[in-house]
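# A look at the structure
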Amino acid sequence: MTEKTTPSTTRRTLHYYWQVTKRHKGYFFGLMISTFAFVALLTYGNPYVMSLVVDRVSADPVPTDQVFEVFAPYIIALIAINVFGQAASKLQDYTMYKLEIAAAYDLATMSFDALCNQSMSFHSNRFGGTLVSQTSKFMNGYQQLIETVTFPFLPVICSIIFTVGILAPRVPLYVAILIVLLVIYASISYYMYKRILHLNEQAASAQNQLSGELSDSVANILSVKTYGREDYERGLFDKANKEVVAKDSKRMWASLTRGIITACITIVIMSVVTVFIAGGNAWFGITPGTLVVMFTYTYTITNQFNFINNGLQRFNRAFGDASGMTMILDEPRLVADKPNAQPMVVTKGDIDFEHIGFSYFDGNTKTQVFNDFNLHIPAGQRVGLVGMSGAGKTTLTKLLLRLSDIQEGKILVDGQNVADTTQQSLRRQIAYVPQEALLFHRSIAENISYGKPDATMEEIREAARQANALEFIEKLPQGFDTITGERGVKLSGGQRQRVAIGRAIVRNPAVFLMDEPLSNLDAKLRNQMRAEIIKLRQRIDTTFVYVTHDQTEAMTLGDRIVIMKRDGFIQQIGTPQEVFNHPANLFVAGFIGTPQMNFFDAKLDKDADGYYVELDGARVHLPEEKQQALRANNVEPQDITLGIRPEHIMLCSDDAAAHISATVDVSEMMGSSVHLHVNANGKDVVVIIPTIDLDGSAQQMFGYGSKVNFTFGGNVLHMFSKENEKNLI
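Below or above, wherever it landed, is the structure these notes cover. Since the model is a prediction, treat every value here as computed from it, not as a measurement.

Rules behind the numbers
Residues numbered from 1 in each chain as written. Predicted model: local features only at pLDDT ≥ 70, side-chain atom pairs only at ≥ 80, totals over all residues. Heavy atoms only, no water. Helix = DSSP H or I, 4+ residues; strand = E, 2+ residues; numbered from the N terminus. Rg over C-alpha atoms; globule rule 2.2 N^0.38 Å. Buried < 20%, exposed > 50% of the residue type's maximum accessible area, 1.4 Å probe, protein only. Areas by Shrake-Rupley, 256 points an atom, 1.4 Å probe, with all protein chains shown as cover. Lys, Arg positive; Asp, Glu negative; His and termini not counted. Charge placed at Lys NZ, Arg CZ, Asp CG, Glu CD. Core = buried A, V, L, I, M, F, W, Y, C linked by side-chain atoms within 4.5 Å. Pairing = 2+ DSSP bridges. Axes fitted to C-alpha atoms, helices over the stretch in contact; angles between N-to-C directions. Parallel < 35°, antiparallel > 145°, perpendicular 65-115°, else oblique. Left-handed = near helix turned anticlockwise from the far one by under 90°. Nonpolar A, V, L, I, M, F, W, Y, C, P; charged D, E, K, R; others polar. Contact = heavy atoms within 4.5 Å. Patch = residues over 30% accessible without salt bridge, like charges linked within 9 Å, V, L, I, M, F, W, Y side chains within 5 Å. Salt bridge = Lys/Arg side-chain N within 4 Å of Asp/Glu carboxyl O. Phe/Tyr/Trp six-rings, centres within 6.5 Å; stacked < 30°, edge-to-face > 60°.

What follows concerns the overall build of the chain. Looking only at helices and strands, the chain features 20 helices and 20 strands. Against the globule reference of 27 Å for 729 residues, the chain gives a C-alpha radius of gyration of 40 Å, more extended than a compact globule. Principal-axis analysis of the C-alpha atoms places the extent of the chain at approximately 145 × 55 × 50 Å. Counting across all 729 residues of the chain, residues that qualify as buried make up 48%. By element, 56% of the accessible surface of the chain is carried by carbon and sulfur atoms, the whole surface being about 36,200 Å². Side-chain charges of the chain comprise 66 positive and 72 negative groups, with the mean position of each set lying 8 Å from the other.

Shown next, in the form of structure tokens:
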């Protein structure tokens, strides 16, 4: 999409540039004064003195023995003019260099701060390469602007002042005509400048888009190559590149048109001065010296006005280049500290989400993530947030870190509202390990110590050891001094993740926040790291929040599990054993357990012996414990969804009292067990059987089409309401 810069954007660019310039007013005014002196002395002082010499020579012949006597003042004046003019020229160079260097530092800092303080939503919707390009162009725009003001605009202003001031008393008619022509020239140039301004900004926007496409392709070069999509990416780049050519060409023709029109005006001006010079002495009695300065000054002005065309083009380019970062600087921060925000101090690690309401917009589409969400995590507790994609688990971590702000409710850490504290102090209390390890193009030691810059080498090594990274690091030729490459590209995915975990460990934070940190590791290493994290959380008394879609990780790493469904609704909170043995509803029952629970349409009824479940003609009476729970809940006979875990189904003979017959569709050898996928009256059922019985004898193997019978006990049944899907017990 093309960004069109308005005059207000240009004014805002000037606002930011002036903010920087004000900090270095000495250099700025030194540059202006030295430029003025340089132009006055060398461009106008020299011709003026020479006009006096010409008038003196044309008035009376000077005897040879009186040359130095007569012309000494002129010689001294010319020497002085050139000495001071050259000094002004060097002062101009010095002040310009100093101003540009100082301003570049300030503008880079301003841009860096603006980008760092923007929300993650801001960065998620932009190319990183485009932001880098906009920062560079914003800085270059200032340099172009200063250099263009210094030449040609300031010399042009000086030229007009000196030409009018010197010639008006001598040839007022000529000066009046010249002023009219110059006003026409300036008016047309400014009008054309306004018309071309938006073309420069379109060209700058196209350049930014091209940079973004290049950055996106290069950053994902592995995907490009492994999918054989070089031609496709070349097509995207070529499309963006052609857009740059089109915008630049349109700008070029507009600039050429302006140049042709202003060149015609220059011809008119030089024609007028030619007429005046030819007839000036005869018609108006203009002296030869005055004719010399008339031509010299007018020629100087017209030449400098020719440079105005180029100067306006550079102005256009400067404002166009700066427009992208200007709009970023003007963009309100979605997450900002309050004026009197206080540092957060965490001593325990209590976390509370109270009545959270949060949604985000993608264009005009609003997506509600949380509505009146509540969760309490006591200090020192290890909590696993588990749920399918889209449940809001990662969003919850970002809200805790204040990478985004909630619209309703509040988030408290040790009773302190995160919205009332500074963002940096909050994030320094929380060690965050994201799903994708984010490493800098620095050494491994620097990456691990990033969260604790003053960490000793011993602390870094210990953190690496606890993260199960020490072994691979010490095998590297440069060990901890190994440079990881951009985004850690020189390390494998598992190595990057272990370094990131080490970076969290070294901080010894009040809260550990891990967002699927094991997802990029292989199975063996995932098991090792899971054990290391368990040891870590047992060793240190701190709050752990672990986000995962892997229920095994949640069951093993959490003292308490929070099971979330899509749109941020909590389905159940409990210990791993509680949610496994007594799932609150059908969703939890199907989500917890691998393979997932089998579900059947069944009937709950009762007879003289109490409640029983009937499934496909098999009737199973429930144990007394379940009987009591059903009676306590006043459960009436009804159609239910019956849940049975695969490991609780038993194979049996065809003469068993209550059994169901099935046919094997798939047999999966899992090592210590076999997963049988069977078809029972059109229903897919999974059964887990051990490969070896406890007495050491091998179990019978079943292949495709084998006939089996299975049964189950009443104590392992889970019964769910057809109406609300809740557990009946």
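Now, onward.
Further remarks concern the nonpolar core. Phe138, Leu167, Tyr174 and Met294 are the most contacted members of the largest nonpolar core, which has 57 residues in total. Looking at this core, the elements that each hand over two or more residues are helix H1 (7–22), helix H2 (25–59), helix H3 (67–116), helix H5 (128–167), helix H6 (172–219), helix H8 (230–284) and helix H9 (288–330). At 14 residues, the largest contribution of residues to this core is made by H9. Leu439, Ala469, Val499 and Met514 belong to the second largest nonpolar core, which has 36 residues in total.

It is worth spelling out the pairing of strand S16 (residues 660–669) at this point. Bridge analysis of S16 against strand S19 (residues 707–711) gives four bridges, and the strand direction is antiparallel. The residue bridging Ile660 from the neighbouring strand is Phe710, located in S19. The sheet contact formed by S16 and strand S17 (residues 673–680) spans six bridges and is antiparallel. If you follow Val664 over to S17, its bridge partner there is Val678. Two successive antiparallel strands, S16 and S17, enclose a turn made up of three residues, where Gly671 displays a positive phi of approximately 100 degrees.

Further remarks concern the sheet that holds strand S1 (residues 351–362). Across the sheet, four strands lie side by side as S2-S1-S4-S5; this open sheet has antiparallel pairing. Looking at the sheet topology across the chains shown, the edges are occupied by strand S2 (365–377) and strand S5 (416–417). Pairing analysis gives nine bridges linking S1 to S2, with the strands arranged antiparallel. Bridge pairing links Asp362 to Thr365 in S2.

Here Phe151 and Pro152 are connected by a cis peptide whose omega angle stands at 20 degrees. Its location among the elements puts Pro152 in helix H5. Not every positive phi belongs to a glycine, and Glu516 is a case in point at roughly 50 degrees. Following the sequence through the fold, Glu516 ends up in the loop between strand S7 (511–515) and helix H16 (523–539). For Glu516, a relative accessible area of 8% puts it in the buried group.

Between H2 and H3, the least distance of the axes is 8 Å, while the angle of their chain directions is 160 degrees. The pairing of H2 with H3 is recorded here as roughly antiparallel in orientation. For the pair H2 and H3, the sense of crossing is left-handed. Taken together, the residues of the contact of H2 with H3 break down into 24 nonpolar, 11 polar and two charged.

Let's shift gears to the packing of H3 against H5. Two elements in contact, H3 and H5, have axes whose closest approach is 10 Å; the angle formed by their N-to-C orientations is 155 degrees. By the angle class used here, H3 and H5 are roughly antiparallel. When the axes of H3 and H5 are compared, the crossing they make is right-handed. Contact residues: H3 offers Gln92, Met96, Leu99, Glu100, Ala103, Ala104, Leu107, Ala108, Met110, Ser111 and Leu115, while H5 offers Leu131, Thr135, Phe138, Met139, Tyr142, Gln143, Ile146, Glu147 and Thr150. For the contact of H3 with H5, the per-class residue count stands at 13 nonpolar, five polar and two charged.

Our focus in this paragraph is the sheet that holds S16. Taken in spatial order, the five strands make up an open sheet running S15-S19-S16-S17-S18, and their pairing is antiparallel. Every other strand in the sheet has two partners, leaving strand S15 (650–652) and strand S18 (683–690) as the edge strands with one partner each. This sheet shows a mean twist of 50 degrees between the axes of neighbouring strands, independent of strand direction. Examined bridge by bridge, S17 and S18 share eight bridges and lie antiparallel to one another.

With that settled, consider a nonpolar patch on the surface. Taken together, the side chains of Val67, Phe68, Ile75, Ile79, Val83 and Phe84 present a nonpolar region at the surface, about 610 Å² in accessible area. For Val67, the location among the structural elements is in helix H3.

Let us now look at the pairing of S1. In terms of strand pairing, S1 meets strand S4 (residues 408–413) through five bridges, oriented antiparallel. In the strand pairing of S4, Ile351 is matched with Val413.

Glancing now at the packing of aromatic side chains. Counted under the stated rule, the structure contains 17 aromatic pairs. Ring geometry for Phe353 versus Phe373: centroids 6.1 Å apart, planes at 75 degrees, classification edge-to-face. Of this pair, Phe353 sits in strand S1 while Phe373 sits in strand S2, and the two are 20 residues apart along the sequence. Ring centres 4.8 Å apart and planes at 15 degrees place the aromatic pair Phe512 and Phe544 in the stacked group.

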